Amino acid sequence: MANTYPRLFVTVPGKRRYRPRPSSGLGTKLVGFIVLTMLVGSAIGKIYLDRQSIKMGTTWQELHDKLTALEKEAENLRIDQERLMSGDHILGEARKFDLRPSEPGQVRIINAGVASQDSAIVALRSQ
Amino acid sequence: MNHTVYVVRILTSYVGMCTVAFFLTRHLYSIQITKHPELYAKAASKYTARKTWSGTRGSIFDRRGNLLAGNIECKNILADLHLLPRDPKIREEIIAYLSETLSVDRDILAFRMRSHAREVVVRNYVDIDVAAIVAARRIAGLRFVDDQRRYYPKDALLANVLGFTTSRNRGVYGLEAIWDKDLASKDLEQIIERDRRGRSLGKVDPVKTRAISGKSLYLTIEEPIQHYVEVELRAMCEEFKPKRAYAIMADPRTGAVMAMAQYPTFNPNDRRAIEPEMWRVHGISDVYDPGSTMKCVAIAGALDYGVVSPDTVFDCEDGMWMYGRRSLRDSGHKFGLLTVSEIVQKSSNIGTAKVALQLGKPRLFQVFRRFGFGETTGIGLRHESPGIFRKVRDWDGLSITRFPIGQGISVTPVQMVQAYGALANRGKMMKLRLVERLVDPVTGDAITFPPELKRVAVRPPAAQAIVEAMCRVTAEGGTALKAAVEGYQVAGKTGTAQKLINGSYTGHGKYVASFIGFVPAHDPAFVLLVVADEPSNGRYYGGTVAAPTFSRIADQVLHYLSVPPTVASGGEADVIVRR
C-alpha cells in the first residue's frame, strides 16, 4: 500500500539535512511531577486547613462558652457581694457581736488639718 | 472511503459529546440557577444553626455605684415527656422529687406531666445551685435552659422608687417602668456554622453580644443614707404605729434626692407578698394637709414683699381670735405679743394668719405658686400629684387665714421638700431629681442630668431671715427641741395637722405629724422631711413623733457626710477628724 501521508522531512539539495533530536521525555516528566505534586499538596493543604479551621472554631466556641460562664458567675458574685454589703445585713451581723450604731452626739467630727489633728482632738476632749 | 469513515466517526463523537454536554449543562443550570435557593437552604441547614443571644437588662446603681437592681443568672427546667421514664411508678418518684426540691405544688406538676405536649415547664427561674443539684440526679428528659431574672440585692431598700419588672424583665412600676426603654436589653439572632458533628463554630463578636445589653442607671440616692432613713422610719413606725409614714431627703443646692423612704413597703424579690397599696410612692402621690410647716412659706413671702420684718410685733390674742365669724386658736397656748420670729418659733396660728392678712390674697397666692404648690415637681416618677391648691378666685373668706397655717391646702411630701429646699438654698428653688446619669456599659457614653434651677422663690434676705427664725424652733422655747442635733444648728418646723375626714377637721382625733428642716442651718447638707400619717399610740405632735426621728437621721447622715459641727458642744465624745 502506497504511503499516502505527506512526507515531513524533505532533503533539500545543497542544504544540511535537518532532523530534530529525539526527546529524552525528562522535562515533560518533571513538569508532570511538579504539577501532580502541587495538586496533591494543595488537596492535602486544603484538608489540613479545613481541619485546623474547624479545630479553631471549636476552641473559640469553648473559650467563648467559658467566658460567658465566668461572666455569669462574676455577675452572681457581684449580686452576692451587694447583698452581703447591704445595710440591713451588716446591721444584723453587727447585732450578733453586740455592736450597734453610735448614740446621737457620741461621735463628733471636727474639721482639722493633718498637723493640727492631735491638738484638735485634745482640745475637743478637754471641753 | 477511509476519509468518510473518519469523518462519520468524528461527527458521531461530536454529537454524542454535545448531547452529554447539553444534559450536563441543563443539570448544572437546574442545580445552580433554578433550584439554587431550595438546595442552598437544604445545604445551609446542615452546616448552619440559628442562635439567639439575649442581652442583659441594665442595672440600677446609687450615686456611688452601689448596686440597687441587677440580674441574677438562673435556669428554667423543662421536661421532655417523650424522654422522661414512662413507668408510672418512676415518674411518680420523679414528680415527688422535683416538687420537693423545686418547691412546686405536686398536683400541679403531676397535671403538667399528664399533658399531651411534648415539653412542659417544671419550674422557671431556678437558682443555679438548686438547678445543679437537680441536674446531678441525671433524670432523663429534663432540660436546663439558661435565663436571667431581676434581683434586688438590698431587698426592700428603695423598693417603691425602683419598682419592679415582669417575669419577662419588662419594667412595670417605678423607675424600672419609666426607664424601661433604656434599661431593656435586645435580642441578637445570628446564623452560626456547625461542623459535620453538629458542633457549633459560632464566631460571635463578644462586643456585639454586649452591645445588646441595656444601659445602666445611676441615681442621686445614696445607699447608706437611704438605709439610715429607712431604719429610723421603721423605728418610728414601731413606736407610734402610724397608718403610713414617709421621709424624703434632698440636697437643696442641687435638688438631688438623697433618700426616699416609706412605710409600709415591700420586698420586690418576694412578689407574692406585694399588695397594690404598697406599690405606690406615697411621697409623690399622697397629699396631706401640711399644718404648721406651711407657716414658714407664708411668712417668708411676707418678709420678701417687705410687709413685715422679723421684729414686727403681732398681737396673738391670748390664744383665741375671731375672724370671719369663726374662731382661730393657738392650740392650748395663750400667746400675747409676738414678733414674726417668735410666731415661727412658737408656731402661732393667729400670728401667722395676721401676717397673711397683711400680705393679702393675691400676693399670698403668688407666694404659694412661686414655692411650687399646685404643680408637680417633675421629680421623674409617674402618678405625681400636683396637690390641692385652689385658684385665688375660689378662695373663701377664711382661706387667707387657714391656708398659711396649712389647713385647706393639700400638698405632696416632695412639694414640701422642694419648697424648704428653696428656703435652705437662699431662695433658689432647684428642680428635684432622682436620676443622675444614664451610662452605656459598653461604650461608657453617659447622659447626665445636671442640677436645674427652677425659679427664685424668695430673695436671699427673706430666706436668710426665715432661716434665722426657724433655727429658734429647735432651740430653747421652740416647738421642736427633740429635732436638735448635737453640734449642729438645725433650722426646721414642726407640723401637726388634723386630717380632713368627711368634711371635718375635728372630732375624729386623726392627725398628720411632721417635721421638716435642714442642717447645718446656714450651709445645709440636706433638707429632710419626716411625716407620720395617723400616729396611733396617743401622741400626735410633730415635735414628739417626727422630730426625734429627724434628729436621729440627721445625726447619722451628718457623720456619714463628715460635716464638721457648726456649734461647740460639751460632753464626752469619740472624735472623727475630717482632713
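Residues numbered from 1 in each chain as written. Chains lettered and ligands numbered in written order. Predicted model: local features only at pLDDT ≥ 70, side-chain atom pairs only at ≥ 80, totals over all residues. Heavy atoms only, no water.

A. View of the overall build of chain A. Helix and strand content of chain A: three helices and one strand. Its helices and strands taken in sequence order, chain A reads α-α-β-α from the N to the C terminus. In chain A, which comprises 127 residues, the proportion classed as buried is 17%. Working note: accessible area of chain A is about 10900 Å², and carbon and sulfur atoms make up 64% of it. (Helix = DSSP H or I, 4+ residues; strand = E, 2+ residues; numbered from the N terminus. Buried < 20%, exposed > 50% of the residue type's maximum accessible area, 1.4 Å probe, protein only. Areas by Shrake-Rupley, 256 points an atom, 1.4 Å probe, with all protein chains shown as cover.)

B. Quick peek at the packing of aromatic side chains. Residues and elements named next belong to chain B. Applying the stated rule across the entire model yields 19 aromatic pairs over all chains. Judged by centre distance (5.8 Å) and plane angle (55 degrees), the ring pair of Tyr-173 and Trp-279 falls under tilted. Of this pair, Tyr-173 sits in strand β7 (residues 171–173) while Trp-279 sits in helix α11 (residues 276–279), and the two are 106 residues apart along the sequence. By relative accessible area, which is 30% here, Trp-279 ends up partly exposed. Counting every residue linked through ring pairs, the aromatic cluster contains Phe-365, Phe-368, Phe-373, Phe-389, Trp-395 and Phe-403. Here Arg-363 stacks its cationic end above the ring of Tyr-305, 5.2 Å away from the centre of that ring. (Phe/Tyr/Trp six-rings, centres within 6.5 Å; stacked < 30°, edge-to-face > 60°. Lys NZ or Arg CZ within 6 Å of the ring centre and 35° of its normal.)

C. Quick peek at the sheet that holds strand β21 (residues 511–519) of chain B. Residues and elements named next belong to chain B. Spatial ordering of the open sheet is given by β11-β10-β22-β21-β20, a layout of five strands whose pairing is antiparallel. Each edge of the open sheet is held by one strand with a lone partner, namely β11 (257–263) and β20 (491–498). On average, each strand axis in the sheet is inclined to that of its neighbour by 5 degrees, with strand direction left out of account. Most of the contacts of helix α20 (residues 542–560) go to β21, to which it runs at about 30 degrees, and overall it touches β10 (244–250), β20, β21 and β22 (526–533). (Pairing = 2+ DSSP bridges. Axes fitted to C-alpha atoms, helices over the stretch in contact; angles between N-to-C directions. Contact = heavy atoms within 4.5 Å.)

D. Broad picture of the state of the cysteines. Per the stated rule, a full pass over the model turns up zero disulfides over all chains. Of the cysteine sulfurs around Cys296(B), a residue in no disulfide, the closest is that of Cys471(B), at 11 Å. (Disulfide = S-S within 2.5 Å.)

E. Structural view of the environment of Glu189(B). Residues and elements named next belong to chain B. Assignment of secondary structure puts Glu-189 in strand β8 (residues 187–193). Along the sequence, Glu-189 and Gly-171 sit 18 residues apart, while their C-alpha atoms lie 23 Å from each other. Ignoring any residue separated from it by four or fewer positions in sequence, one finds Glu-189 in contact with Arg-50, Lys-51 and Thr-52.

F. View of the domain arrangement of chain B. All names here are of chain B. We note that the domain assignment places domain 1 (54–79 + 90–134 + 143–219) and domain 2 (223–571) within chain B. Facing 37 residues of domain 1, the contacting portion of domain 2 comprises 33 residues. Buried surface at the junction of domain 1 and domain 2, summed over both partners, amounts to about 3100 Å²; 62% is from carbon and sulfur atoms. Taken together, the connections running from domain 1 to domain 2 amount to two salt bridges. For Lys-154, the salt bridge is made with Glu-223, and the minimal N-O distance between the two is 2.7 Å. At the junction of domain 1 and domain 2, the tally comes to 12 residue pairs in polar contact (both at pLDDT 80 or more). (Domains from an automatic or database assignment. Buried area = accessible area lost by both parts, 1.4 Å probe. Salt bridge = Lys/Arg side-chain N within 4 Å of Asp/Glu carboxyl O. Polar contact = N/O pair within 3.5 Å; in protein donor to acceptor, adjacent residues only side chain to side chain.)

G. Just the side chain of Ser99(B), in detail. Residues and elements named next belong to chain B. In this fold, Ser-99 is placed in helix α3 (residues 88–101). Overall, the relative accessible area of 11% leaves Ser-99 in the buried class. Among the polar contacts made by the side chain of Ser-99, one reaches the main-chain carbonyl oxygen of Ala-96 at a distance of 3.1 Å. Not counting chain neighbours up to four residues away, the residues in contact with Ser-99 comprise Val-104, Asp-105, Arg-106 and Leu-109.

H. Summary view of the pairing of β8(B). Residues and elements named next belong to chain B. Of the two faces of β8, the one lined by Leu-188, Gln-190 and Ile-192 is fully buried and the one lined by Asp-187, Glu-189, Ile-191 and Glu-193 carries no buried residue. Sheet topology places strand β1 (residues 48–54) next to β8; seven bridges connect them, and they run antiparallel. Residue Ala-49 lies in a different strand from β8, and its bridge partner there is Ile-192.

I. Just helix α15 (residues 349–359) of chain B, in detail. Residue and element names in this part refer to chain B. Burial analysis of α15 places nine of its 11 residues in the buried class, which makes it a mostly covered element. Of the residues making up α15, those classed as buried are Asn-349, Ile-350, Gly-351, Thr-352, Ala-353, Lys-354, Val-355, Ala-356 and Leu-359. Remark: Gly-360 follows α15 within two positions and exhibits a positive phi of approximately 90 degrees.

J. Main features of the nonpolar core. Residues and elements named next belong to chain B. Core analysis: the largest hydrophobic core is formed by 127 residues, its most contacted members being Met-260 and Phe-371. A domain split of this core shows at least three residues from each of domain 1 (54–79 + 90–134 + 143–219) and domain 2 (223–571). Among residues more than four places away in sequence, those in contact with Met-260 are Leu-158, Val-161, Ile-221, Gln-226, Ala-247, Ile-248, Val-281, Ile-284, Ile-379, Leu-381 and Val-414. Counting 20 residues, the second largest nonpolar core, distinct from the first, contains Ala-110, Val-120, Ala-131 and Leu-142. (Core = buried A, V, L, I, M, F, W, Y, C linked by side-chain atoms within 4.5 Å.)

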